[in-house]
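# A closer look at the structure
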Amino acid sequence: MKSIRKSISALLALAMIAGCLSVGAAQPVSAASKNAVYQKYNKKINTRIRKIQNSKTDIQTTGTVFYVSSSTGNDANDGLSPEHAWKTCKRLNEDKNGIIYNTIQENGSATVLFKRGDTWNCDGISLWYPNVTYSTYGTGAKPVFDFSVGDAADPSMWTLKKGTKNIWIYKKKVPFLGSLALNERSSADNYDAYYDYRTKKWYENCPNGHYSDDGYLCNYKEKNYLNINKLPENSFFVDVRPPKKYLDKASGDLYVYDCNDTGTLYFSCKKGNPGKVYKSIALCSGWGLHCGNSCTYDNLVVKHTGNTAISNFSSDDSEGCTLQNCEVYFCGDTYISFGNTDHRGMVGGECSGFSGSGSRYYNNYFYGCREGGFTVELGWTGSLKNETKTLGDVIASGNVFDKCDGGIGVICFTESAKGVNMSDIRIHDNYFREIGSTHDKDGSDPHSLGILHVWDHSGEVDLSGFTFTDNLILFTENRVINIEETAHKGMLHAKGNTAILKKNSGMHFLRVTNRTYKETYIDSVKKAKPYIGSFGKIKWI
């Protein structure tokens, strides 16, 4: 499989449709991308990307230092030196004899270093311990965590489904997939469908909710079954039906990532046999790296997850973590639902995200990520009835978001809380290039993302401590700022930003919805000022 970095050079001249104000026929992308203004800012973004990709390890190790190398390590070693490194993340996660836990108890922290130039396949960090720094040692390329379960670019492994001209069946059974990374340049959509265990049938995605009053899927009475033969172009579907034991009755979540069940992969490809059309088809599956509170990820590369690439374990008392000098490619987007008598189950995720205040994102590169680049989140807190919760002390600076579905999400799921105070959230000096949800080409989906997506489930959110400053936006297929399902007070302060947007794309600049999803679309910076401040300058090309 060709490396993503080699593919980036071929992408630099491409430009997606921009999102913004006036409605009309879209110009050809090539015409706008040749514009001198576009090229000026495109060059600026590429310079920052190269700097992130070539970043060096410069951290202060804390506590006992442990070493991991997939090329030279051995899990029988003690892991206390490069010469005696462990081999797998599994060994790290098991923490036999509690050696990592004990050093944290004694010293307050620990450090785990991964050898540069090494790759771990479907083997990632999953350790709940707090105050751990995960970084690198040695020379060469950053260590890579690749969660693809295979490369499907083999013509002999695909067969055309009988009675169709474009639905291809992969001969090998696969687990549930979040996306297919095609030639490391783009990704195919995971088609939404719902399985009811009582009827033992798949149903089409329900546009306005998932369950009817009788407890069945909303498409049950209409018998709107999934028609595999009519999958949209460049989308796929995997008919995995994990046992009902993986449906959590309390939350309705389906823990697909704990299930080894597999199903048939169907892919809509009008160009012909996918194995011939594409030089690489990465099957993106599973979850990526997970840590405890107040941890740091530094100089790591994560690729091809089916769900969240990098996160911390969420709880009522979660504290944010730091992500710096990392690269994330083709991650996020797993979405599936299974019906039972009480709940729908789903698992879905942004590319990366930390739960709790104190999160830091410095100088990271996100490419081709589904859902969004990263999310800062305040999770469900049932003990906060009639209280106001704070999500704050969050900084995102120096990052690049490239051809992702969305940019940055700030989300509060505190339904039982009186409100949320977004205090000292600073989104500063980040670059966004060609952002736009592939699930929302016409801008009509109320759940679509944006460059900045603020979403709250609590009683009221105070945005007066939220700043969005000195950021660069180069084309977007989506709205620039999306304040969703929020009873808000106080103004989000946006200033000093630069947006280079494409004329006649039909997208809105700002979208605001209240708790009942009454929508307000604002198509000028002047009218948006009561919500976001002055914003900055916009140039249309």
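A quick note: this is a predicted structure, and the numbers were derived from the prediction, not measured. In this convention, every chain numbers its residues from 1, walking through the sequence in written order. Given that this is a predicted model, residues contribute local features only at a pLDDT of at least 70 and side-chain atom pairs are listed and counted only at 80 or more, while totals for whole chains, interfaces and linings are drawn from all residues. Side-chain measures were taken over the full set of non-hydrogen atoms in the model, leaving aside hydrogen atoms and water.

### Describing the overall build of the protein chain
Each helix is a run of H or I in the DSSP string that is no shorter than four residues. Each strand is a run of E no shorter than two, and both are numbered from the N terminus. Looking only at helices and strands, the protein chain has seven helices and 43 strands in total. Here the Shrake-Rupley method, with its probe set to 1.4 Å, supplies the accessible areas, and only the displayed protein chains count as covering residues. Per element, the accessible surface of the protein chain, about 22100 Å² overall, is 48% carbon and sulfur.

### Observations concerning a positive patch on the surface
Each patch is built from salt-bridge-free residues with over 30% relative accessible area, joining like charges within 9 Å and nonpolar side chains (Val, Leu, Ile, Met, Phe, Trp, Tyr) within 5 Å. The salt bridge definition used is simple: a Lys or Arg side-chain nitrogen within 4 Å of an Asp or Glu carboxyl oxygen. Two residue types count as positive, namely Lys and Arg, and two as negative, namely Asp and Glu; His and chain ends fall outside the count. Throughout, a charge is located at the NZ atom of Lys, the CZ atom of Arg, the CG atom of Asp or the CD atom of Glu. A cluster of basic residues, Lys-173, Lys-200, Arg-241 and Lys-244, forms a positive patch on the protein surface. Positionally, Lys-244 belongs in the loop between strand E13 (235-238) and strand E14 (265-268). Buried residues are those whose accessible area, probed at 1.4 Å on protein chains only, stays under 20% of the maximum for their type, while exposed residues exceed 50% and partly exposed ones sit between those limits. For Lys-244, a relative accessible area of 48% puts it in the partly exposed group.

### A few points about the pairing of strand E27 (residues 374-378)
For a regular strand, side-chain orientation follows a simple rule: the groups alternate between the two sheet faces. Taking burial as the measure, the five residues of E27 include four buried ones, the bulk of the element. Sheet analysis places strand E24 (residues 352-355) next to E27, joined by three bridges and oriented parallel. Across the sheet, the residue bridging to Gly-353 is Thr-375, located in E27. Pairing of E27 with strand E30 (residues 408-412), which is carried by five bridges, proceeds in the parallel orientation. Directly across from Thr-375, in E30, lies its bridge partner Gly-409. For two strands to be treated as a pair, DSSP must find no fewer than two bridges joining them.

### Some thoughts on the pairing of strand E12 (residues 201-204)
Relative to E12, strand E11 (residues 193-196) runs antiparallel, the two being bridged by four bridges. When the bridges of E12 are listed, Tyr-195 appears paired with Trp-202. With antiparallel pairing between neighbouring strands as the criterion, E11 and E12 make up a hairpin whose turn holds four residues, including Lys-200 at a positive phi of roughly 60°.

### Things to note about the sheet that holds strand E40 (residues 497-501)
Picture the strands of a sheet paired through backbone hydrogen bonds; they go either parallel or antiparallel. Sheet architecture is open: ten strands sit in the order E3-E5-E18-E21-E26-E29-E32-E36-E40-E43, paired in parallel fashion. Unpaired on one side and paired on the other, strand E3 (119-121) and strand E43 (536-540) mark the two borders of the sheet. Strand-to-strand twist of the sheet, defined as the mean angle between neighbouring strand axes without regard to direction, takes the value 10°. By the bridge criterion, three bridges tie strand E26 (residues 365-367) to strand E29 (residues 400-402) in an arrangement that is parallel. Across the sheet, the residue bridging to Tyr-367 is Asp-402, located in E29. Here a residue-residue contact requires only that any non-hydrogen atoms of the pair lie within 4.5 Å. Angles shown run from 0 to 180 degrees and are taken between the N-to-C directions of axes, each axis being a line fitted to C-alpha atoms and, for helices, limited to the stretch in contact. Sitting on the sheet, helix H3 (residues 36-53) is in contact with strand E21 (327-329), E26, E29, strand E32 (431-435), strand E36 (472-476), E40 and E43, with an inclination near 115° to E32.

### Looking at the nonpolar core
Remark: nonpolar core denotes a set of buried residues (Ala, Val, Leu, Ile, Met, Phe, Trp, Tyr, Cys) joined through side-chain atoms within 4.5 Å. Judged by nonpolar contacts, the single largest core of 75 residues is most densely connected at Phe-114, Tyr-134, Tyr-297, Met-422, Phe-466 and Phe-535. It is strand E31 (residues 419-428) that contributes the most residues to this core, four residues altogether. What Met-422 contacts, discounting residues up to four positions off in sequence, is Leu-391, Val-410, Cys-412, Val-454, Val-461, Asp-462, Leu-463, Gly-465 and Phe-466. One finds Ile-45, Val-144, Ala-181 and Tyr-365 within the second-largest nonpolar core, a separate group that totals 21 residues.

### Quick word on the sheet that holds strand E33 (residues 452-456)
Strand order in this open sheet of nine strands is E16-E19-E24-E27-E30-E33-E37-E41-E42, and the pairing throughout is mixed. Of all strands in the sheet, those with a lone pairing partner are strand E16 (289-291) and strand E42 (519-522), marking the two edges. The mean angle between the axes of side-by-side strands here comes to 10°, regardless of whether they run parallel or antiparallel. Strand direction decides the pairing type here: E33 and strand E37 (residues 481-484), joined by four bridges, are parallel. Pairing of His-453 across the sheet is with Asn-482, part of E37.

### Focus: the pattern of salt bridges
Summed over the entire model, instances satisfying the criterion amount to ten salt bridges. Asp-429 serves as the salt-bridge partner of Arg-48, at 3.0 Å between the closest nitrogen and oxygen. Of this pair, Arg-48 sits in helix H3 while Asp-429 is found in the loop between E31 and E32, placing the two residues 381 residues apart along the sequence. Residue Arg-48 is classed as buried on the basis of its relative accessible area of 15%. Of the charged contacts, one joins Lys-142 and Glu-327 as a salt bridge, the two residues approaching to 2.9 Å between their closest N and O atoms. Pair noted here: Lys-142 is in the loop between strand E4 (132-137) and strand E5 (144-146) and Glu-327 is in strand E21, with a separation of 185 residues, a long-range link. The buried category is assigned to Lys-142, whose relative accessible area is 3%.

### Some details on helix H5 (residues 99-107)
Among the residues making up H5, those that are buried are Ile-100, Thr-103 and Ile-104. For H5, the angular spread of the buried residues around the axis is 100°, confining them to a single face. The outward face of H5, more than 90 degrees from its buried face, is lined by the exposed residues Gln-105 and Glu-106. As for H5, its buried residues are in contact with strand E1 (64-68), helix H4 (89-94), strand E2 (110-115) and E4. The positive-phi residue at the C-terminal boundary of H5 is Gly-108, with phi of around 85°. Relevant arc is that of directions from the helix axis to the C-beta atoms, nothing else.

### Overview of unusual backbone geometry
As a rule of thumb, non-glycine residues mostly have phi less than zero, and peptide bonds are mostly trans rather than cis. The backbone of Asp-95 shows a phi angle near 45°, a positive value even though the residue is not glycine. By the secondary structure assignment, Asp-95 is in the loop between H4 and H5. The phi dihedral of Glu-434 falls on the positive side, at around 50°, and the residue is not glycine. Mapped onto the elements, Glu-434 comes out in strand E32.

### A closer look at the packing of aromatic side chains
Whether two aromatic rings pair depends on their centres lying within 6.5 Å, for rings of Phe, Tyr and Trp, where Trp uses its six-membered ring; planes under 30 degrees apart make the pair stacked, over 60 edge-to-face, and the rest tilted. If you walk through the whole model with that rule in mind, you get 27 aromatic pairs. Taken together, a centroid distance of 4.9 Å and an interplanar angle of 90° make the contact between Trp-202 and Phe-237 edge-to-face. Taken as a pair, Trp-202 in strand E12 and Phe-237 in strand E13 lie far apart in primary sequence, 35 residues in all. Here the aromatic rings of Phe-374 and Phe-401 are separated by 5.5 Å at their centres, their planes lie at 45°, and the arrangement is tilted. Highlighted residues: Phe-374 in strand E27 and Phe-401 in strand E29, separated in sequence by 27 residues. Here Phe-374 falls in the buried class, since its relative accessible area comes to 0%. On the basis of relative accessible area, Phe-401 is assigned to the buried category, the value being 0%. Of the aromatic side chains, those joined through ring pairs into one cluster are Tyr-134, Tyr-297, Phe-354, Tyr-361, Phe-366, Phe-374, Phe-401, Phe-432 and Phe-468. Two conditions define a charge located above a ring, namely a distance within 6 Å from the ring centre to NZ of Lys or CZ of Arg, and an angle within 35 degrees of the ring normal. The cationic tip of Arg-48 hangs over the ring face of Tyr-431; the distance from NZ or CZ to the ring centre is 3.6 Å. In this structure, Lys-201 packs its charged tip against the face of Tyr-225, placed 5.1 Å from the ring centre.

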